[in-house]
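# Residue-level structural notes
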Amino acid sequence: MINPVFGQSAEEILEIALERSLALNNSYYKFVIESEVESPLLPMTGELFSKGEKYFIDTKDIDQIYDGKNIFTIVHENKEIIVGNLDISLITLTPNKIFNFFLEGYLLNISSETKRHIIEAKNINENNMIYIITINSSNYSIEKLEMKDSTSDKVINTFLTLTYDYNLTVPLSLFKFDINNYDNYILIQ
C-alpha cells in the first residue's frame, strides 16, 4: 500500500501533526523519558492530557498545568509551585510545543516508512545535537523523540510514547489550577 504523504516535506508533516494535535478533543499520552546522562529527574514516567493548547502533565516528581494563560509547575519534592507563561516552562512535552519548536530554526530531513515518518532535525546555530522525531503516519501522533550527540552518535535522551488515545471524556477541572489542592506548597511568581 502506498502512502500518499510520502511526497510531503518534513515541515508539512510537522504542520499536519500540529494541526491534528490541536484539533483533537482530549488527547492522552502515557510516556517515559530516559537519559544516558545522570539526572535526578530521569527516568521519568508520566501522563499527558491535552485539549487544544491546554494541558496537564502528571509525573511522580513534577506536575504541570497550562490553563491557556499560565503554566503552573508543581515540584512535589520542594513543595513549590512556579507560575510562568509559555516562554518559561520546565517541561516542554506537549505536541504543540514540540512541533512548534522544530518548525523554526531547524534544518529538517525526512524519511517515511509505511507506518511512520522519521524526521531528523538539526539546529541551524548548533552542530552538536540532532533530534530524531518519529511520527505515526496514520494519526500523526508522536511515537518517539530522541536527542543525539552528533559527534558520538550517542542517544542522550529519549521520549517514548507508551500509549496514546484521544476523544476521551476528561473533566475540564484537569486543566484548571486550584491552590487549595496543594496544602503547604509555596507559590512562586
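Refer to the preceding data block for the structure.
A brief structural summary. (Residues numbered from 1 in each chain as written. Predicted model: local features only at pLDDT ≥ 70, side-chain atom pairs only at ≥ 80, totals over all residues. Heavy atoms only, no water.)

## With respect to a negative patch on the surface
Taken together, E11, E12, E15 and E19 make up a surface patch of like negative charges. Here E19 shows up in helix α1 (residues 10–23). Relative accessible area serves as the criterion here: at 58%, E19 is assigned to the exposed category. (Patch = residues over 30% accessible without salt bridge, like charges linked within 9 Å, V, L, I, M, F, W, Y side chains within 5 Å. Areas by Shrake-Rupley, 256 points an atom, 1.4 Å probe, with all protein chains shown as cover. Salt bridge = Lys/Arg side-chain N within 4 Å of Asp/Glu carboxyl O. Lys, Arg positive; Asp, Glu negative; His and termini not counted. Charge placed at Lys NZ, Arg CZ, Asp CG, Glu CD. Helix = DSSP H or I, 4+ residues; strand = E, 2+ residues; numbered from the N terminus. Buried < 20%, exposed > 50% of the residue type's maximum accessible area, 1.4 Å probe, protein only.)

## Here we look at the nonpolar core
Core analysis: the largest hydrophobic core is formed by 31 residues, its most contacted members being F102, I119, Y131 and I135. Element by element, the count of residues in this core is highest for α1, at five residues. Ignoring sequence-local partners within four residues, the contact set of I119 consists of A10, I13, L14, L108, N109, I110, Y131, I132, I133 and I135. Core analysis: the second largest hydrophobic core is formed by 14 residues, F56, I74, I81 and F175 among them. (Core = buried A, V, L, I, M, F, W, Y, C linked by side-chain atoms within 4.5 Å. Contact = heavy atoms within 4.5 Å.)

## Some points on the side chain of T73
Looking at the element boundaries, T73 is found in strand β5 (residues 71–75). Looking at T73, its side chain comes within polar contact range of the side chain of Q64, at 2.8 Å. (Polar contact = N/O pair within 3.5 Å; in protein donor to acceptor, adjacent residues only side chain to side chain.)

## Points about the packing of α1 against helix α2 (residues 95–103)
It is the contact of α1 with α2, at a shortest axis distance of 9 Å, that shows an interaxial angle of 155°. The pairing of α1 with α2 is recorded here as roughly antiparallel in orientation. Both α1 and α2 take part in a crossing whose hand is left-handed. Facing α1, whose interface residues are E11, L14, E15, A17, L18, S21 and L22, α2 presents P95, N96, F99, N100, F102 and L103. Broken down by class, the residue content of the contact of α1 with α2 amounts to eight nonpolar, three polar and two charged. (Axes fitted to C-alpha atoms, helices over the stretch in contact; angles between N-to-C directions. Parallel < 35°, antiparallel > 145°, perpendicular 65-115°, else oblique. Left-handed = near helix turned anticlockwise from the far one by under 90°. Nonpolar A, V, L, I, M, F, W, Y, C, P; charged D, E, K, R; others polar.)

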